[in-house]
Amino acid sequence: MIDYHIHTARCHHATGTPQEYIAEARLKGLTEIGFADHFPLDLLNIIPSSPVSMSAEELTAYLEEIRELAEKNKDITIRLGLEVDYIPGRTEETADSFLSLPVDYLIGSLHFLGSWDFTHPAEKSTYLEKDLHELYENYFADMGKLCRSGLFDIVGHIDVIKKFGFLPQIHLDQLWLKTAKELKENDLCLEINTAGLRAPVKEMYPAPGFLQYCFQENVPVAVGSDAHSPQEVGYKIDDAIALLRKVGYREVATFIGRKRQMISLEGG
Ligand SMILES: [Zn+2]
Ligand SMILES: [Zn+2]
């Protein structure tokens with residue numbers, strides 16, 4: 001079992017040391033994990049209202065610490081990743097800051113629309129001011145730009161705009177299918193992320209119907225819990241795998257040095 005989306009206390013909104021996450025992964029019988037802590041927002045010229053990433057000064061220590069832990073804990077495969085925020089234009093302009101790093105994979109995620117951190121509980125009330133149909137159109141327009149940027153290996157929590165349960169009264173099929181095609185055309189890996197089950201929406205990212213389109217378009221998939229505390233490592237990964245199998249997936253993606261390697265779901 002694999003979990004490719006694990007944070008640490010370095011990002012200021014998670015708890016626990018990397019060692020604690022590894023211990024929990026071992027306890028739960030995971031065979032491969034990947035740390036993907038939040039890349040410094042200051043290096044992307046984004047200044048959030050409260051700190052939600054590691055700082056630029058911590059980046060080298062993070063990379064070194066995870067590499068060292070991977071060396072010391074050979075009983076479990078430990079990969080080194082980063083979750084990088086995507087803001088159209090801004091992330092492209094500052095891309096040298098993360099493209100030059102020796103990581104196994106980069107997750108590209110949307111958390112901001114303009115200066116609004118729409119994933120932050122403290123900024124939840126802003127949804128009430130929005131036309132939800134327009135909001136979803138805007139969100140998926142930015143997602144298209146993220147896909148076409150060519151900067152990332154995996155797209156994180158692809159429909160996280162639904163996190164707080166603000167859902168428009170329209171069918172999302174067209175947006176889902178268009179996005180699935182963008183993933184495929186840009187050789188990107190989708191992430192099935194179980195954090196949505198812990199959020200008010202109570203549904204994985206992506207929605208089952210969205211996942212179906214991704215399978216139909218032959219988009220590879222990686223698996224992640226988006227753990228922000230050690231006990232969340234491996235959270236409902238079994239359910240995610242079961243859903244993948246049900247939809248038709250027979251393998252999942254892993255990464256080494258930004259190269260994708262598919263591993264079989266059969267028998268495991
Ligand atoms: Zn986070
Ligand atoms: Zn995220």
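## Let's talk about the overall build of the chain
Helix and strand content of the chain: 8 helices and 11 strands. For the chain, whose C-alpha radius of gyration is 17 Å, the value lies close to the compact-globule estimate of 18 Å for 268 residues. In the chain, which comprises 268 residues, the proportion classed as buried is 57%. Expressed as a percentage of contacts within the chain between residues at least 6 apart in sequence, the contacts between residues at least 24 apart total 74%. Counting every atom, the chain has about 11,500 Å² of accessible surface; 51% of that belongs to carbon and sulfur. The chain carries 26 positive and 41 negative side-chain charges, and their two centres are separated by 4 Å.

## Some points on the side chain of D37
Its place among the elements puts D37 in strand 2 (residues 32-38). No salt bridge forms around the buried D37; measuring N to O, its nearest opposite-charge neighbour R10 is 6.3 Å away. A distance of 2.6 Å separates polar atoms of two side chains, one belonging to D37 and the other to T8. Discounting residues that sit within four places of it in the chain, D37 has contacts with I6, H7, T8, R10, C11, M54, Y62, G81, L82 and E83.

## Quick notes on unusual backbone geometry
In this chain, Y205 is followed by P206 through a cis amide linkage whose omega measures -5°. Relative to the helices and strands, P206 resides in the loop between strand 8 (189-193) and helix 7 (208-216). A positive phi angle, near 50°, is found at D187, a position not held by glycine. As for its placement among the helices and strands, D187 is situated in the loop between helix 6 (173-185) and strand 8.

## Remarks on the packing of aromatic side chains
Two measures describe an aromatic ring pair: the distance that separates the ring centres and the angle between the ring planes. Tallied over the entire structure, the rule returns 15 aromatic pairs. Their ring planes at 40° and their centres at 6.2 Å tell us that Y105 and F255 sit as a pair that is tilted. Placement of the pair is Y105 in strand 4 (residues 105-109) and F255 in strand 10 (residues 251-256), with a sequence separation of 150 residues. Taking relative accessible area as the criterion, Y105 reaches 0% and is therefore assigned buried.

## Details of the pattern of salt bridges
Enumeration according to the criterion identifies 14 salt bridges in this entry. Residue K74 pairs with E71 through a salt bridge whose shortest N-O separation is 3.6 Å. Exposure remark for E71: the relative accessible area of 55% places this residue in the exposed category. By sharing partners, the salt bridges in this structure join D159, K162 and E203 into a single network.

## Some thoughts on the coordination of the zinc ion (ligand 2)
Distances from the zinc ion (ligand 2) to its protein donors, E83 (OE), H111 (NE2) and H157 (NE2), fall at 2.1 to 2.2 Å. Read in sequence order, the donor residues coordinating the zinc ion (ligand 2) give the pattern E-x27-H-x45-H. Between the zinc ion (ligand 2) and the zinc ion (ligand 1) the interatomic distance amounts to 5.1 Å. Taken together, the residues E83 in strand 3 (residues 77-85) and H111 in the loop between strand 4 and strand 5 (112-113) connect sequence positions 28 residues apart. With a relative accessible area of 1%, E83 lands in the buried category.

## Quick word on the coordination of the zinc ion (ligand 1)
Within the first shell, the zinc ion (ligand 1) binds the protein through H13 (NE2), H38 (NE2) and H228 (NE2), at distances of 2.0 to 2.1 Å. On the primary sequence, the residues serving as donors to the zinc ion (ligand 1) are separated as H-x24-H-x189-H.

## Looking at the environment of S225
Mapped onto the fold, S225 is located in the loop between strand 9 (221-224) and helix 8 (237-247). You can call S225 buried: its relative accessible area is 0%. The spatial distance from the C-alpha of S225 to the C-alpha of D3 is 6.2 Å, given a sequence separation of 222 residues. When sequence neighbours within four positions are dropped, the list of residues in contact with S225 reads D3, H5, N193, T194, A195, R198, E232, V233, G234, Y235 and I237. In terms of polar contacts, S225 uses its side chain to reach the backbone carbonyl oxygen of E232, at 3.4 Å.

How each quantity is defined
- Residues numbered from 1 in each chain as written.
- Chains lettered and ligands numbered in written order.
- Predicted model: local features only at pLDDT ≥ 70, side-chain atom pairs only at ≥ 80, totals over all residues.
- Heavy atoms only, no water.
- Helix = DSSP H or I, 4+ residues; strand = E, 2+ residues; numbered from the N terminus.
- Rg over C-alpha atoms; globule rule 2.2 N^0.38 Å.
- Buried < 20%, exposed > 50% of the residue type's maximum accessible area, 1.4 Å probe, protein only.
- Contact = heavy atoms within 4.5 Å.
- Areas by Shrake-Rupley, 256 points an atom, 1.4 Å probe, with all protein chains shown as cover.
- Lys, Arg positive; Asp, Glu negative; His and termini not counted.
- Charge placed at Lys NZ, Arg CZ, Asp CG, Glu CD.
- Salt bridge = Lys/Arg side-chain N within 4 Å of Asp/Glu carboxyl O.
- Polar contact = N/O pair within 3.5 Å; in protein donor to acceptor, adjacent residues only side chain to side chain.
- Phe/Tyr/Trp six-rings, centres within 6.5 Å; stacked < 30°, edge-to-face > 60°.
- Donors = N, O, S within 2.8 Å, 3.2 Å for Na, K, Ca; no water.

Treat this as a map of the structure, not an account of what it does.
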